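# Descriptive analysis of the structure
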Amino acid sequence: MEVSSQSEKSTSSCPYNKCDGSGMFLIDDDNAKICQCQHDKIIDRKLEFANIPKEFQALTIKSFEIDIYTRPDSKTIATIAKKVAANFVKNFEEFQDEGKGLYMYSTEAGSGKTRMAISIGNALIKVKRVQVKYTKTVDLLNEITDTFNSNSEMSQKELIDSIRKVEVLILDDVGVENPTPWVKSTFYSILDSRMDNKKVTIFTSNLSLDELKHDRRLKSRIERMATPVKFPEESIRNNLARQENERLQRLLLE
Ligand SMILES: Nc1ncnc2c1ncn2[C@@H]1O[C@H](COP(=O)(O)OP(=O)(O)OP(=O)(O)O)[C@@H](O)[C@H]1O
Ligand SMILES: [Mg+2]
Ligand SMILES: [Zn+2]
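Counting of residues starts from 1 at the beginning of each chain's written sequence and follows it residue by residue. Chain labels run from A onward and ligand labels from 1 onward, assigned in the order the entries are written. Note on the predicted model: pLDDT of at least 70 is required for a residue's local features to be given, and 80 or more for side-chain atom pairs to be given and counted; whole-chain, interface and lining totals, by contrast, use all residues. Calculated side-chain values reflect all of the structure's heavy atoms, with hydrogen atoms and water omitted.

Looking up the protein in an unreviewed UniProt entry gives the name ATP-binding protein, with the organism given as Tissierella pigra.

### Some words on the coordination of the zinc ion (ligand 3)
For a metal bound by four donors in tetrahedral geometry, the ideal donor-metal-donor angle is 109.5 degrees, whereas six donors in octahedral geometry ideally sit at 90 or 180 degrees. As a reminder of what qualifies: The donor set comprises N, O and S atoms within 2.8 Å of the metal, extended to 3.2 Å for Na, K and Ca; water molecules are omitted, so apparent gaps in a site may simply reflect that omission. For four-coordinate sites, all angles between 85 and 135 degrees define a tetrahedron; for four- and six-coordinate sites, opposite donors beyond 155 degrees with the remaining angles between 65 and 115 define square planar and octahedral shapes respectively, and all other cases count as irregular. Only DSSP runs of H or I covering at least 4 residues are called helices, and only runs of E covering at least 2 are called strands; the numbering of each starts at the N terminus. Partly exposed describes any residue whose relative accessible area lies between the buried limit of under 20% and the exposed limit of over 50%, with all areas from a 1.4 Å probe on protein chains only and scaled to the type maximum.
For the zinc ion (ligand 3), every protein donor is listed as Cys 14 (SG), Cys 19 (SG), Cys 35 (SG) and Cys 37 (SG), and the spread of their distances is 2.3 to 2.4 Å. In this structure, the zinc ion (ligand 3) is surrounded by four donor atoms whose angles at the metal cover 104 to 117°, and the resulting shape is tetrahedral. Sequence spacing of the donor residues for the zinc ion (ligand 3), all on one chain, is C-x4-C-x15-C-x1-C. One end of the pair, Cys 19, is in the loop between α1 (2-13) and β1 (24-26); the other, Cys 35, is in the loop between β2 (32-34) and α2 (36-50), and 16 residues separate them in sequence. The exposure classification of Cys 19 matches that of Cys 35, with both residues buried.

### A word on the sheet that holds strand β4 (residues 132-136)
Threshold: Whether two strands pair comes down to DSSP finding at least two bridges between them. Inter-axis angles, ranging from 0 to 180 degrees, are taken between N-to-C directions of lines fitted to C-alpha atoms, where helices are fitted over the stretch in contact. In this analysis, two residues are considered to be in contact whenever any of their non-hydrogen atoms come within 4.5 Å of each other.
The strand order across the open sheet formed by five strands is β4-β5-β6-β3-β7, and the pairing between neighbours is parallel. In this open sheet, the two strands that pair with only one neighbour each are β4 and β7 (226-230). Neighbour-to-neighbour, the strand axes of the sheet open up by a mean angle of 15°, direction not taken into account. Direction of pairing for strand β5 (residues 168-174) relative to strand β6 (residues 200-205): parallel, over a ladder of five bridges. Opposite Val 174, over in β6, you have Ser 205 as the bridge partner. Packed onto the sheet, helix α6 (residues 137-146) meets β4 and β5 and runs at close to 95° relative to β4.

### Re unusual backbone geometry
In this structure, Asn 17 takes a positive phi of about 60° despite not being glycine. Turning to its location among the elements, Asn 17 is positioned in the loop between α1 and β1. The phi dihedral of Arg 129 falls on the positive side, at around 55°, and the residue is not glycine. Note on placement: Arg 129 falls in the loop between α5 (113-126) and β4.

### Here we look at the layout of surface pockets
A probe as big as a water molecule, rolled over the atoms, marks out the empty space that is left. Filter applied, for reference: Each cavity reported here is a set of points on a 1 Å grid over the protein atoms alone in which a 1.4 Å probe fits but cannot get out, each pocket an open set with protein on both sides within 12 Å along at least five of seven lines, and each lining residue one with an atom within 4 Å of a point. Grid points are joined across faces, edges and corners, and a volume is the space filled by probe spheres set on the points. In this count, Pro and Cys sit with the nonpolar residues alongside Ala, Val, Leu, Ile, Met, Phe, Trp and Tyr, while Asp, Glu, Lys and Arg are called charged and the others, Gly among them, polar.
The volume enclosed by the largest pocket comes to roughly 480 Å³. Taken together, 23 residues line the largest pocket, and the ones lying closest to its centre are Gly 110, Gly 112, Lys 113, Arg 115 and Arg 237. Mapped onto the lining of the largest pocket, the elements with two or more residues apiece are α5, β5 and α10 (236-253). Here the lining of the largest pocket takes four residues from α5, the largest share from any one element. Residue composition of the lining of the largest pocket, by class: nine nonpolar, seven polar and seven charged. Lining the second largest pocket are 14 residues, with Lys 133, Glu 143, Met 154, Leu 159 and Ser 162 positioned closest to its centre. If you list the elements that add at least two residues to the lining of the second largest pocket, you get β4, α6 and α7 (156-165). When residues of the lining of the second largest pocket are assigned to their parent elements, the largest contribution, three residues, is made by α7.

### Quick notes on the nonpolar core
The following threshold applies: What makes a nonpolar core is a set of buried Ala, Val, Leu, Ile, Met, Phe, Trp, Tyr and Cys residues whose side-chain atoms join them at distances within 4.5 Å.
Ranked by size, the top nonpolar core spans 34 residues in total, and within it Met 104, Ile 120, Leu 124 and Ile 202 carry the most contacts. Among the secondary structure elements, those contributing two or more residues to this core are α2, α3 (72-90), β3 (101-105), α5, β4, β5 and β6. Residue contributions to this core peak at seven residues, all from α5. Once you skip the residues sitting within four places of it in the chain, Leu 124 turns out to touch Phe 88, Val 89, Phe 92, Arg 129, Val 130, Val 132 and Val 168. Core analysis: the next-biggest nonpolar cluster, separate from the first, contains 23 residues, Tyr 105, Val 174, Phe 203 and Leu 218 among them.

The structure is reproduced here in structure tokens:
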């Protein structure tokens, strides 16, 4: 009875059946080793902290498709973007030393920018064990505004400080925010501090750096903090929707 309850305990708490659920196991009388389940837990906590939606946590750079783009020029641009992303992760330590991130942009919506930014975030967490935070720019600004509510968990200063300090920040959809004086100064103070402290920021945008509706001071910070990466001017979102419609139409006509 006791034996079976013990083995039940170990199967339910350690998915590898290696430790007793404590995250450590003995290799001999004097030495213990950290179990893989403990490493997994650290990664899970990092993924949770990163705010990456569950359904996107498995996205990889490798599974970023090139053939899904139909035009030859799109395929060329997507191939370069994919290579840049892979090399960025591979050589991350050097980019981190320089505090350099990426600025992924295309005018066309649905071309794969968010998909790639999240894949890079996942890889940095899983391979490089880095602390990452993903947020849409507008959501972040709203969150900061919400700290004025009396029932808010964090003060505005605490939230802004945490965003300033996070090792890798993914700011999705930069440029859609309405650049009010408050937005400008908040954004500026976050990026200025991240630049000074050489923190890596990955931006995605529907605007090139030149087209961003922010003033020169802010733009020049982004320019120094990130290398531009062009994305194809082709919507995979539309391609996927078209394929799905065609599939359903075939079902209706068969
Ligand atoms: N290369 C790709 N391989 C596989 N799926 C892709 C690829 N590019 C985009 N997708 C899929 O297409 C959809 C749109 O992509 P995504 O949201 O990344 O585009 P976006 O460039 O961020 O668009 P927006 O400018 O509207 O923010 C998503 O469902 C995404 O998973
Ligand atoms: Mg996007
Ligand atoms: Zn274990």
